[in-house]
Amino acid sequence: MTTSNGDNTPAPAPNGGELAQQMNEETKKKYTKDRKVGEGTYAVVHLGHVKSTALPVAIKKIKLSAMVDGISMDAIREVKFLQELRHENIIRLIDVFSSKNQNLNLVLEFLDSDLEMIIKDTKIGFGGADIKSWLAMSLRGLWWCHKNFVLHRDIKPNNLLLATNGQLKLADFGLARSFSDPYRAMTSTVITRWYRPPELLFGAKSYSSSVDIFSLGLVFAELLLRVPFLPGDSDVHQLRLIATALGTPTEQNWPGVTKLPDYVIPNTEDIRPEQGSLFYGETFRTLTPEGLTLLMSMLRLDPRKRWSAKQCLESEWFKEEPTPTKPELLPRKGGGKGIEKVGGDLKRRAGWDEGTDVAELEGHRGRKVARKLDFGGK
Amino acid sequence: MDDTIYSTSTQHRLFTFTPKQLSDLRYATNKAAIEKITESIKRRAVAAGIVESEIEEIDCPTAEEELKLVAYYCVKCMQLSDHFQFPSNVKATALTFLHRLYLTTSTLTLHPKKLLLPILYLATKTENHYTPIKNFIATAATAGPKVTKEDLLDPEFTIAMGLRWAFQVWHPFRGLEGIFLELNAIASGRYQPPKPKEHLVLPATEAKVALLELLAGDTDRIGRAHGEARRLLTTTALLTDVYFLYTPPQISFGAFLEADRELATFYLDIKFPETDVPGRKTKMKLLDVLDEIAKNHLSAGLSEDLKNPYQGLLLQLPQNGITTSLSMSVDPTLVKEVTRIDKKLYRVTKRDQDSAGKKKAEEWNGSGSQSGTGSGNGIGRYDEDEERRAKKRRLEREKAEREGDVFGARLPDVKTAGAGSF
């Protein structure tokens with residue numbers, strides 16, 4: 001297996017199944033597993049290194065129990081998309097190999113912290129220039145996904161991992177999918193609730209890259225506030241929070257919204273227009289007008305009005321002072337705790353959350369996601 | 001498709017070749033497998049006390065024969081997919097997986113027959129076309145071959161490794177839809193030329209007039225061309241090497257050119273008008289490539305007797321005795337040939353399974369049916385299975401030859417070629 005081999009030469013003269021086995025053995029031998037840094041029901045994550053260069057890597061082993069019908073859809077999606085998406089701001093899949101009993105191992109780039117840790121750690125101070133840098137890197141990664149016809153569908157702070165050199169990397173492609181053809185339905189049960197856009201909460205079966213932009217808009221807001229901006233405790237509550245903060249989705253601000261399968265007016269007693277710069281300015285006091293415009297454009301209710309990743313990257317905010325902090329100068333967390341935390345991020349089954357939501361997710365949404373997500377066409 | 005993006009894709013990095021590279025790879029795979037199995041049979045025979053000079057000649061399928069066999073099973077895979085009524089992208093991905101796998105895998109090592117359903121099942125997963133495994137098995141049963149969950153899942157890792165864990169396949173279907181939509185836009189005067197070349201291009205109204213003149217009242221022509229191109233893309237294109245040799249948009253357009261040359265040329269003239277001098281050059285180059293695809297690979301006029309533009313190279317061409325259209329797949333001489341190769345393959349792999357190579361091979365040659373005793377090293381079950389299947393295969397074959405149908409019993413509800421919905 002030579003995924004790391006970027007050239008275009010034909011495979012060496014091979015020999016059938018044996019060749020595949022042999023290549024697999026060779027790949028496997030390239031790495032040493034050092035210690036376990038995370039274990040969940042879906043995967044075990046080890047810290048390891050490349051034997052020849054001592055370069056650290058993360059080795060994610062998908063558990064056999066997670067493979068009832070062969071290689072799971074999550075693993076297939078993750079491998080499929082990471083094999084195609086080569087970008088500085090997307091986690092690099094270095095190799096794939098199988099270990100005894102057909103365990104699937106993904107060798108991933110080693111990353112030692114995530115954006116959630118940085119946001120939550122009250123001892124770490126960061127400012128506008130730092131946020132600008134993280135957001136720009138996230139947008140670049142997302143731009144590359146969308147340019148490659150891939151929807152990430154699970155953007156949230158703990159899927160935005162940070163390398164030791166400060167580079168931010170989109171991770172966890174277990175919920176990703178290619179853009180659908182216009183008339184083929186997709187599931188609306190994706191994206192962790194706090195970051196889920198209104199069209200998905202209304203049960204839309206066709207949607208676009210703008211779902212990822214909305215999620216990232218909420219991460220942007222969270223970086224500014226240092227707490228989750230819209231932490232709903234149920235889907236209904238989530239919609240209420242969106243309607244109250246950003247405005248009530250109606251035919252006026254979002255033509256066609258009332259036709260969505262699960263459309264309801266979340267706050268009948270308190271219908272609000274879509275919020276403008278006044279509201280944003282009051283809520284996010286540190287942000288300049290250009291920054292507010294960008295945030296607003298990422299959080300538009302009507303997905304068609306949201307900016308694309310490219311439009312976001314062209315925002316004046318990135319050009320005005322202060323310029324984005326150089327990645328290597330960004331506040332860092334890392335070290336022992338970071339490794340465990342990232343180990344935890346990687347071991348999760350895509351779309352599952354940690355903390356308070358876990359029981360509900362495992363019992364309910366998790367299974368629902370696993371079951372419903374696979375809807376291709378019917 | 002953006003070329004810079006395509007060049008980073010696994011399809012381009014790992015599975016795009018020149019005709020010569022592709023051919024070399026096939027020969028190399030065949031050679032390596034023959035060396036290995038020959039060595040293995042000899043070693044076993046010597047271990048069983050047979051003098052090396054006494055070992056009967058080991059007759060392995062050639063690279064040409066292997067390719068014919070794989071091509072035959074590709075048609076079979078296509079029919080299976082249609083039986084499941086899978087969308088075109090699932091079918092096309094499964095076929096592409098088969099082609100890719102047998103670039104570096106010999107049929108001496110892995111018989112394609114056992115892989116058709118596992119590959120189809122894997123393709124439903126990689127194409128996000130969720131099919132519960134129970135339903136899959138149930139539908140498979142209505143097509144004839146009885147299959148267990150283990151049959152489907154056991155080879156999955158071997159297949160994935162053979163594919164080098166690259167699951168993304170870029171198909172030419174979307175490109176074709178683009179051509180279709182744009183021609184319709186021109187016909188209704190809604191064509192918007194791409195920036196920044198808009199100043200060079202005919203205004204929408206003039207383009208419309210020119211197209212309507214060409215159509216001369218035959219308003220359905222665009223739809224027919226699109227349908228025919230789609231048929232080519234969902235049948236012939238999947239039985240040729242075009243995915244290995246060309247990019248998806250080239251294949252889309254190559255099929256459209258084959259479907260309706262006049263309409264395709266008109267479309268190119270709109271894209272590269274006389275006034276666009278450097279564009280004209282690009283157009284000529286492009287036409288050369290598209291012509292190659294249409295004439296050398298997709299054309300219905302191709303046959304074994306036609307001059308082979310890739311003389312000496314092992315490509316999937318009718319000139320090399322390869323089935324590239326569904327109608328050819330029932331050609332009785334071809335069926336006979338594939339049957340002969342399959343027999344040869346069976347004989348040599350069977351010999352390799354037996355510990356006393358010579359003796360068993362003689363038995364096979366003599367009676368055509370064995371006692372079914374395992375070799376005692378854990379492959380007995382395989383032998384029995386293989387024999388049972390071989391017998392079934394023989395019966396199926398005889399029946400097929402009688403009826404001139406390579407697939408034996410007709411699959412119920414098989415859709416006519418090209419009826420896939422994408």
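Here the residue index of a chain counts from 1 through its sequence in written order. As a convention, the first chain written is A and the first ligand written is 1, with the rest following in written order. Where local features are concerned, this predicted model is filtered to residues with pLDDT of at least 70; where side-chain atom pairs are given and counted, the filter is 80 or more; whole-chain, interface and lining totals use all residues. With hydrogens and water excluded, all non-hydrogen atoms of the structure serve as input to the side-chain values.

Attention shifts here to the UniProt feature "active site" (unreviewed entry) in chain A. UniProt positions are given in the numbering used here, feature names are shortened, and annotations may be inferred rather than shown by experiment. UniProt records the feature "active site" (unreviewed entry) for Asp154 of chain A in the present numbering. Numbered from the N terminus, helices here are DSSP runs of H or I no shorter than four residues, and strands are runs of E no shorter than two. Here Asp154 of chain A lies in the loop between strand S7 (150-151) and strand S8 (160-162).

So, about the sheet that holds strand S6 (residues 113-114) of chain A. All names here are of chain A. Two strands qualify as a pair provided that DSSP identifies no fewer than 2 bridges between them. Across the sheet, three strands lie side by side as S6-S8-S9; this open sheet has antiparallel pairing. Sheet topology places S6 and strand S9 (168-170) at the edges, where each strand pairs with a single neighbour. Contacts: residue pairs with any heavy atoms within 4.5 Å of one another. Geometry is summarised by axes, namely lines fitted to C-alpha atoms with helices restricted to the contacting stretch, and by angles between N-to-C directions that run from 0 to 180 degrees. Of the strands in this sheet, S8 and S9 are in contact with helix H4 (residues 128-147), which crosses S9 at around 35 degrees.

Attention shifts here to the packing of aromatic side chains. Each aromatic pair joins two rings of Phe, Tyr and Trp (for Trp, the six-membered one) with centres within 6.5 Å, and gets the label stacked for planes under 30 degrees apart, edge-to-face for over 60, and tilted for any other angle. A complete count under the given rule lists 22 aromatic pairs over all chains for this structure. Judged by centre distance (4.5 Å) and plane angle (25 degrees), the rings of Phe84 of chain B and Phe136 of chain B are stacked. Separated by 52 residues along the polypeptide, Phe84 of chain B in helix H4 (residues 63-84) and Phe136 of chain B in helix H7 (residues 133-142) bring together distant segments of the chain. Burial status follows relative accessibility: with a 1.4 Å probe on protein chains alone, a residue under 20% of its type maximum counts as buried, one over 50% as exposed, and anything between as partly exposed. Given the relative accessible area of 9%, Phe84 of chain B is considered buried. Judged by centre distance (5.6 Å) and plane angle (85 degrees), the ring pair of Phe157 of chain B and Trp165 of chain B falls under edge-to-face. The pair formed by Phe157 of chain B and Trp165 of chain B is uniform in burial state, with each residue classed as buried. Taken together, Phe229, Phe279, Tyr280 and Phe284 of chain A form an aromatic cluster joined through their ring pairs. One cation-aromatic arrangement involves Lys132 of chain A over Trp317 of chain A; the distance from NZ or CZ to the ring centre is 5.0 Å. Any Lys NZ or Arg CZ that is within 6 Å of a ring centre and within 35 degrees of that ring's normal is treated as a charge sitting over the ring.

So, about the side chain of Glu222 of chain A. Residues and elements named next belong to chain A. Structurally, Glu222 is set in helix H6 (residues 210-225). Here a polar contact means two N or O atoms within 3.5 Å. Within protein one must be a hydrogen donor candidate and the other an acceptor candidate, and residues neighboring in sequence count only if both atoms are side-chain atoms. Side chain to side chain, Glu222 and Tyr195 meet in a polar contact 2.6 Å long. Setting aside its immediate chain neighbours within four residues, Glu222 contacts Ile119, Pro157, Tyr195, Val227 and Pro228.

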